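Residues per chain, in single letters:
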Amino acid sequence: MSAPALIVLRDICFSFSPTKPVLNHASFVLAPGEKIALTGPNGAGKTTLLHIMMGLQTPQTGTIEILQKTCKTEKDFSAIRGKVGLLFQDSDDQLFCPTVIEDVAFGPLNLGYNDAQALEISYKTLADLGLSGFENRITHQLSGGEKRLVALATVLAMAPDILLLDEPTNGLDQTVESRLTDILQALPQAMVIISHNRSFLDQVATRKVTLHNGDLISGDETIKNTIAGKTS
Ligand SMILES: Nc1ncnc2c1ncn2[C@@H]1O[C@H](COP(=O)(O)OP(=O)(O)OP(=O)(O)O)[C@@H](O)[C@H]1O
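Residues numbered from 1 in each chain as written. Predicted model: local features only at pLDDT ≥ 70, side-chain atom pairs only at ≥ 80, totals over all residues. Heavy atoms only, no water.

(A) Inspection of the nonpolar core at higher detail. Grouped together as the largest cluster of nonpolar side chains are 34 residues, with contacts concentrated most on Ile7, Phe28, Leu30, Ile66, Ile162 and Leu164. Once residues lying within four places of it in the same chain are set aside, the contact partners of Leu30 are Ala5, Leu6, Ile7, Ile36, Ile162, Ala190, Met191 and Val192. Within the second largest apolar cluster, 33 residues are counted, among which are Ile101, Leu126, Val150 and Leu156. (Core = buried A, V, L, I, M, F, W, Y, C linked by side-chain atoms within 4.5 Å. Buried < 20%, exposed > 50% of the residue type's maximum accessible area, 1.4 Å probe, protein only. Contact = heavy atoms within 4.5 Å.)

(B) Local environment of the site of the ligand. Around the ligand, the surrounding shell holds 14 residues, and the nearest of these are Lys20, Gly43, Gly45, Lys46 and Thr48. Between an oxygen atom of the ligand and a side-chain N or O atom of Lys20, the distance comes to 2.7 Å. Measuring from an oxygen atom of the ligand, one finds a backbone N or O atom of Gly43 at 2.8 Å. Expressed as a share of its isolated accessible area of 640 Å², the protein-covered part of the ligand is 62%. (Near = heavy atom within 4 Å. Polar contact = N/O pair within 3.5 Å; in protein donor to acceptor, adjacent residues only side chain to side chain. Areas by Shrake-Rupley, 256 points an atom, 1.4 Å probe, with all protein chains shown as cover.)

(C) Spotlight on the pattern of salt bridges. Evaluation of the coordinates by the stated rule reveals seven salt bridges. Glu34 serves as the salt-bridge partner of Arg207, at 2.5 Å between the closest nitrogen and oxygen. One end of the pair, Arg207, is in strand S9 (residues 207–212); the other, Glu34, is in the loop between strand S2 (20–30) and strand S3 (35–39), and 173 residues separate them in sequence. Assessed through its relative accessible area of 12%, Glu34 is described here as buried. Here Lys124 makes a salt bridge to Asp128, at a shortest N to O gap of 2.9 Å. Taken together, the positions of Lys124 and Asp128, both in helix H4 (residues 115–128) and four residues apart, correspond to about one turn of that helix. On the accessibility criterion, Asp128 (44% relative accessible area) is partly exposed. (Salt bridge = Lys/Arg side-chain N within 4 Å of Asp/Glu carboxyl O. Helix = DSSP H or I, 4+ residues; strand = E, 2+ residues; numbered from the N terminus.)

Shown next as structure tokens:
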């Protein structure tokens, strides 16, 4: 029997205003081990879809299951938020502490780790991302690319079961993008990645879904299936 899906969205309709639907009976499944590229034109509703998965937006119709739990209310979503890590499109929405180490340690502390454990996790996460030495930097003084990586560190430090990454390569130079590509390829977690960066998606994603006219269309033969043992 195959492992149960991690995220199941069924028949989601969502609009910010009655005259302009964003999602129109969209359905979506994330299975364990999948790294799904979520693509589509500007304004198609990709970020909105990720926010619906986190309970940050509430659809007008449809059902949401996260980690086999039906999620409707804020209470339902708050119970799963530690297990689902969202990298916001704008790093400034993610980073709110004075220093890098405080921002990265915030998640582990919230999960119940003590100060020493949270610091150890944070130092290691920063080192994995090539950010050793950034611990005491003032967050708002970082460059855009540095903020992007620190924002990712705040997500990875919580070791979530699912990663929702909204344009993770924005602002990264080629070297850092390559490092991020290697890191995401090696991570065992299932993830949904919004990106307009085709070569990055080709290397990381195992499957592609595209938002078009409010609905999700599956498949793209050019995306490499990088799941071990399977070929595209
Ligand atoms: N808070 C809001 N209030 C009203 N309209 C909004 C709001 N947020 C987003 N929208 C609109 O909803 C639509 C979908 O936006 P969304 O950010 O989800 O698109 P996207 O596919 O992620 O776009 P991009 O690739 O440009 O980031 C757009 O037309 C956008 O202008």
